[in-house]
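Chain by chain, the residues:
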Amino acid sequence: MIFQLDQTNSVANRFIAEMRNVHTQQNPQRFRYNQTRLGEILAYEISKTLEYQQTEVKTPLGIAQVNLPLAQPVLATILRAGLPFHQGFLNFFDRSASAFITAYRKTDVNHDFTIQLEHISSPNLDGQVVILCDTMLASGQSIVQVCKRLQEKYQLKELHIAAVIASAAGLKYVQENLPEAHIWVGSVDQEMNSYSYIIPGLGDAGDLSFGEKV
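Predicted model, so just to flag it, every value in this text is computed and none were measured.

The rules we used
- For every chain, the first residue of its written sequence is number 1, and the numbers climb from 1 along that sequence.
- Since the coordinates come from a predicted model, pLDDT governs what is reported: local features require at least 70, and pairs of side-chain atoms require 80 or more to be given and counted, while whole-chain, interface and lining totals use all residues.
- Excluded from the side-chain calculation are hydrogens and water; included are all heavy atoms of the structure.
- A run of H or I in DSSP counts as a helix once it spans at least four residues, and a run of E counts as a strand once it spans at least two, with each numbered from the N terminus.
- Geometry is summarised by axes, namely lines fitted to C-alpha atoms with helices restricted to the contacting stretch, and by angles between N-to-C directions that run from 0 to 180 degrees.
- Roughly parallel refers to an angle under 35 degrees, roughly antiparallel to one over 145, roughly perpendicular to one between 65 and 115, and oblique to any angle outside these ranges.
- For a crossing to be left-handed, the near helix must be turned anticlockwise from the far one by less than a right angle; the clockwise case is right-handed.
- By definition, residues are in contact when any of their heavy atoms lie within 4.5 Å.
- Amino acid classes used here: Ala, Val, Leu, Ile, Met, Phe, Trp, Tyr, Cys and Pro are nonpolar; Asp, Glu, Lys and Arg are charged; the rest, including Gly, are polar.
- A simple rule labels every residue: compare its accessible area, found with a 1.4 Å probe on the protein chains alone, to the largest value its type can have, and call it buried under 20%, exposed over 50%, or partly exposed in between.
- By disulfide we mean two sulfur atoms from cysteines, separated by a distance within 2.5 Å.

Engineer: Could you clarify how one ought to interpret unusual backbone geometry in this entry?
Structural biologist: Leaving glycine out, the prevailing phi sign among residues is negative, and the prevailing peptide bond configuration is trans. In the segment running from Leu 79 into Arg 80, the intervening peptide bond is cis, with an omega of 5°. With respect to the helices and strands, the residue Arg 80 is situated in the loop between strand S4 (74-79) and helix H3 (83-92). Cis geometry is found at the peptide bond from Ile 199 to Pro 200, where omega equals 0°. As for its position among the elements, Pro 200 is in the loop between strand S12 (198-199) and helix H6 (205-210). A positive phi angle is found at Ser 196, which is not glycine, with a value near 65°. Mapped onto the secondary structure, Ser 196 falls in the loop between strand S11 (191-192) and S12.

Below, the structure written as structure tokens:
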């Protein structure tokens, strides 16, 4: 399944618009904050799909019945661009453990690239609901490779993939290679350029959040 946030009218559309806007992007703090807010909104939407159990809560005046999630998902992100987006999920799933993956594109002179995975720091994911949060889902290669690596090592109970902006081609690639995954995105763009950047997209999310890399 694919959930696309901007298919309904909500304040989330303003956060996406500010992230895309070349003028608003000049404020890195605002750019990071909008990622965090979108992470919170998508975390809320994903929370509706989790398993719940009715629990008694003692108040000063009696007992209240509340449906609480049986377990917290594990939140995974790809360094460095996904950190502010991940923080939004962590704000809502505030008891969740986290997994961090170091990955980057190794590009040749023809703009072709391979995904290099260097390090995974993760709790035990066996039997866990895992949410992989990455700001941009462009070609989809890094997300697929990361998820495949996690699935080789652990028996995941359920896999969710969340992104702010996705390309149509990247979504198709992820669906073909991870058909079991639930996908949650802010918006979908139809094109990518020769560097596999999403058009119109928003540029390099990592550089806009944390400064240009050399």
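Engineer: In this structure, what is going on with the packing of helix H2 (residues 28-47) against H3? I would like to understand it.
Structural biologist: The axes of two packed helices give the description: the angle between them and the distance between them. Following both chains from N to C, one finds H2 and H3 inclined at 45°, their axes separated by 6 Å at the closest point. Put simply, H2 runs oblique to H3. The way H2 lies across H3 gives a crossing that is right-handed. The segment H2 lies against H3, with Arg 32, Gln 35, Thr 36, Leu 38, Gly 39, Glu 40, Leu 42, Ala 43, Tyr 44 and Ile 46 engaging Pro 84, Phe 85, Gln 87, Gly 88, Phe 89, Asn 91 and Phe 92.

Engineer: Would you mind showing me how to read the packing of helix H1 (residues 12-20) against H2 here?
Structural biologist: At a minimum axis distance of 9 Å, the contact between H1 and H2 shows a crossing angle of 145°. Where H1 crosses over H2, the handedness of that crossing is left-handed. Side by side, H1 and H2 meet where Ala 12, Arg 14, Phe 15, Ile 16, Glu 18 and Met 19 of the first sit next to Arg 30, Phe 31, Asn 34, Gln 35, Arg 37, Leu 38 and Ile 41 of the second. Looking at side-chain class alone, the contact of H1 with H2 contains seven nonpolar, two polar and four charged residues.

Engineer: Even after reading the chapter, I still don't get the side chain of Ser 209, so can you show me in this structure?
Structural biologist: By secondary structure assignment, the location of Ser 209 is in helix H6. Take Ser 209: its relative accessible area is 2%, and that puts it in the buried class. When residues no more than four places from it in sequence are discounted, the contact partners of Ser 209 are Pro 28, Phe 31, Arg 32, Gln 35 and Pro 84.

Engineer: It is not clear to me how the state of the cysteines should be interpreted in this structure. Could you clarify?
Structural biologist: One way to say it: the disulfide is the covalent bond shared by the sulfur atoms of two cysteines. Applying the stated rule across the entire model yields zero disulfides. The thiol sulfur of Cys 133 is not disulfide-bonded, and the nearest other cysteine sulfur, from Cys 147, lies at 11 Å. Overall, Cys 133 belongs to the buried group, its relative accessible area being 0%.

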